[in-house]
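Structure assessment
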Amino acid sequence: MAVLSAAGVDFDFEVPVVVVGAGACGLVAALAARDAGQEVMILERDDNPQGSTSLSAGLIPAAGTRLQREAGIDDDPALFAADILSKTHGHAPQDMALLAARTSGPMIDWLMDSHGVGFRLVTGFLYPGHSRMRMHGPDSRTGADLEQALLSAVSRAGIDLLTGASVEDLFVDGTGRVTGVRFRRPDGAMETLGCKSLVLACCGFAGDADMVRRHIPDIADAECCGHLSNTGDAVKWGAELGAQLADMGAYQGHGSVAHPHGLPLTWAVVTQGGILVNTNGRRFSNEMRGYSEHGAEVAAQPGHVAWDIFDARCEKAALDFHDYREIRKLGAVKSADTVEDLAAATSLPLEALRAELDGISAAAASGTPDRLGRSFAPDQMLAPPFRAVRVNGALFHTQGGLVIDHDARVLRTDGTPLPNLMAGGGAARGLSGDSNYGYLSGNGLLSATAFGRLAGITAARIAAGG
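I will try to describe carefully the structure that is included in this document. Here the structure is a predicted model, which is why all the values come from computation and not from measurement. (Residues numbered from 1 in each chain as written. Predicted model: local features only at pLDDT ≥ 70, side-chain atom pairs only at ≥ 80, totals over all residues. Heavy atoms only, no water.)

A closer look at the overall build of the protein
Across its full length, the protein holds 15 helices and 23 strands. For 466 residues, the compact-globule formula gives about 23 Å, and the C-alpha radius of gyration of the protein, at 23 Å, lands near that figure. Projected onto the principal axes, the alpha-carbon positions of the protein cover approximately 75 × 45 × 40 Å. Expressed as a percentage of the 466 residues in the protein, the buried residues total 61%. Put simply, 74% of the contacts in the protein that link residues at least 6 apart link residues at least 24 apart. (Helix = DSSP H or I, 4+ residues; strand = E, 2+ residues; numbered from the N terminus. Rg over C-alpha atoms; globule rule 2.2 N^0.38 Å. Buried < 20%, exposed > 50% of the residue type's maximum accessible area, 1.4 Å probe, protein only. Contact = heavy atoms within 4.5 Å.)

This is the structure in structure tokens:
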């Protein structure tokens, strides 16, 4: 894998816009470039396009959408950007947060109205850090269905998608302009494809253990539940081209992945009053900090596991999620009619578990935060019948990468844009600041789709000579 000189290279075939990666970012970029009148080719390493998108809940946060207006929800980009920045403690670039927030609503409406991608607004509860209900996703709330909807839109638009095409090398001229790529087919054959502009939508580096250990050592020993084809290709090519890299320590973790089943248990059960305890029956962190930072928290507990404790009331919010229904089918959800039964079902120490529940009740009754700083409303008290799922902490995807401008063009270390290289999604610097605590629910798909659309628009303009 390398950046090679374009001198003397004759390409097997050429298209104006090439997109590397067929996750949400690449598919949205391709749709945007095609809408702008350019022929597009998507190259996807896997035989079956999935990526990080398919492993997610398929929820995209967006402000000012038609669905929000129809639901009577008053939201705007400034408020959304403020939520993003608050979650990162101000460590995300303010201009990029506002850019993503401002373009998110029109992007959702465009996908619905121009490309027939179906979305439903998630109502009934707020995700941590969001001040408005702004999560948009398929009815199933699965990334697999979002991926399939985008693939169908790409097919209807007549965009060529080549699977089993692993891009190995970029060809670049003396000015830094990418003239094409070389990719490997499943049988080992190599082919070349010329282009006028290139979009890197091949996600981050969660699948490269060496890069993870170097850049985010606190999660290096946790299970990787992300897409293992995310091997940092975009970052490696960008570094060779002299591109800026930023926030390489940022990532989306998850502290509630059903173990050993590998399916994420929605954090909605926590926001409704659920808690996490370790195998000693003790809570160890304020769960309302968010699920991303709890990836490392859970991984640091005895045995690298914890128990997610909630009740039938909390469970109602989870039943709309396909992953949760699958977790139930697998028998991972334990039920108990008393605290004693709960302790027996989980092999947790009864006295420690009872002490945690009593402490929560006392804090709620007094109207003060508990010993971990979490406030519980009286209607959030857990009550029989209880539910419990054993979970571990996991790394899903990285959030650091190539620095891009407002047109999604990749910037050099001196701040100037590379001539015709765009990036989005996990390939680009995200909106999560420089660590795990900055991940606001949906940030991954937000940067994938909002910046993906900008990347496609810019790629089409450059391909047309603009």
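Now, onward.
Focus: the packing of aromatic side chains
Considering all chains together, one arrives at five aromatic pairs under this definition. Each member of the aromatic cluster is reached from another via a ring pair, and the members are Trp267, Tyr291 and Tyr439. Over the face of the ring belonging to tryptophan 110 we find arginine 453, whose NZ or CZ atom lies 4.3 Å from the ring centre. (Phe/Tyr/Trp six-rings, centres within 6.5 Å; stacked < 30°, edge-to-face > 60°. Lys NZ or Arg CZ within 6 Å of the ring centre and 35° of its normal.)

Describing the nonpolar core
Counting 89 residues, the largest nonpolar core has Leu43, Leu111, Phe119, Leu198 and Leu200 as the members making the most contacts within it. For this core, the leading source of residues is helix H15 (residues 443–463), giving 11 residues. In this view, leucine 111 contacts Val28, Leu31, Gly116, Val117, Phe119 and Leu150; residues no more than four positions away in its chain are not counted. By size, the runner-up hydrophobic cluster in this structure holds 45 residues, among which are Met135, Ala258, Ala332 and Leu348. (Core = buried A, V, L, I, M, F, W, Y, C linked by side-chain atoms within 4.5 Å.)

Some details on the sheet that holds strand E2 (residues 13–14)
Sheet architecture is open: five strands sit in the order E1-E9-E10-E11-E2, paired in mixed fashion. Two strands lie at the open edges of the sheet, namely strand E1 (2–5) and E2, each paired on one side alone. Both strand E10 (residues 178–184) and strand E11 (residues 190–194) contribute to a ladder of five bridges, which runs antiparallel. The residue bridging arginine 182 from the neighbouring strand is threonine 192, located in E11. Sheet strands in contact with helix H8 (residues 233–240) are E1 and strand E9 (166–172), and its direction is about 15 degrees off that of E9. (Pairing = 2+ DSSP bridges. Axes fitted to C-alpha atoms, helices over the stretch in contact; angles between N-to-C directions.)

With respect to helix H4 (residues 77–87)
For H4, the full list of buried residues reads Phe80, Ala81, Asp83, Ile84, Leu85 and Lys87. Buried residues along H4 sit against strand E5 (60–61), helix H5 (94–115) and H15. Two or three places before alanine 78, at the start of H4, stands the capping residue aspartate 76, its side-chain oxygen 3.0 Å from that residue's backbone nitrogen. A positive phi of about 60 degrees marks histidine 89, the residue just after H4. (Polar contact = N/O pair within 3.5 Å; in protein donor to acceptor, adjacent residues only side chain to side chain.)

A look at the environment of alanine 388
Positionally, alanine 388 belongs in strand E20 (residues 386–398). Sequence separation between alanine 388 and alanine 97 is 291 residues, and the spatial gap between their C-alpha atoms is 36 Å. Residues in contact with alanine 388, not counting those within four places in the same chain, are Trp307, Asp308, Ile309, Phe310, Ala332, Val333, Lys334, Leu342 and Thr346.

Structural notes on the sheet that holds strand E6 (residues 120–121)
On the basis of which strands lie adjacent, the open sheet formed by three strands has the order E5-E7-E6 and antiparallel pairing. Looking at the sheet topology across the chains shown, the edges are occupied by E5 and E6.

A closer look at the pairing of E11
In the sheet, E2 pairs with E11 via two bridges, with the strands oriented parallel. By the bridge assignment, phenylalanine 13 is partnered in E11 with leucine 193. Between E10 and E11, which pair antiparallel one after the other, the connecting turn spans five residues, and glycine 188 there sits at a positive phi close to 95 degrees.

Quick word on the packing of H5 against H15
Running from N to C, H5 and H15 cross one another at 80 degrees; their axes reach a closest spacing of 9 Å. Overall, the two elements H5 and H15 adopt an arrangement that is roughly perpendicular. Along its contact with H5, which presents Met96, Leu99, Ala100, Thr103, Ser104, Pro106, Met107 and Trp110, the element H15 presents Leu446, Thr449, Ala450, Phe451, Arg453 and Leu454. Classifying every residue of the contact of H5 with H15 gives 10 nonpolar, three polar and one charged. (Parallel < 35°, antiparallel > 145°, perpendicular 65-115°, else oblique. Nonpolar A, V, L, I, M, F, W, Y, C, P; charged D, E, K, R; others polar.)

A few points about H15
Given a rise of 1.5 Å per residue, 21 residues ought to cover 30 Å, and the 29 Å separating the end C-alpha atoms of H15 matches this to within 8%. The buried fraction of H15 is high, at 18 of 21 residues. One or two steps after H15, the chain reaches glycine 465, where phi turns positive at roughly 95 degrees. (Expected span 1.5 Å × (residues − 1).)

With respect to the side chain of threonine 65
One can find threonine 65 in the loop between E5 and helix H3 (66–70). Looking at threonine 65, the relative accessible area reads 0%, which means it is buried. In this structure threonine 65 touches Gly105, Ile108, Asp109 and His136, once residues within four positions along its chain are discounted.

Details of unusual backbone geometry
Backbone torsion omega between histidine 259 and proline 260 reads 10 degrees, so that peptide bond is classified as cis. Along the chain, proline 260 falls in the loop between strand E15 (251–258) and strand E16 (263–264). Cis geometry is found at the peptide bond from proline 384 to proline 385, where omega equals 0 degrees. For proline 385, the location among the structural elements is in the loop between helix H14 (350–366) and E20. The phi dihedral of aspartate 247 falls on the positive side, at around 55 degrees, and the residue is not glycine. Looking at the secondary structure, you find aspartate 247 in the loop between strand E14 (245–246) and E15. Taking relative accessible area as the criterion, aspartate 247 reaches 14% and is therefore assigned buried. Non-glycine residue serine 347 carries a positive phi angle of around 60 degrees.

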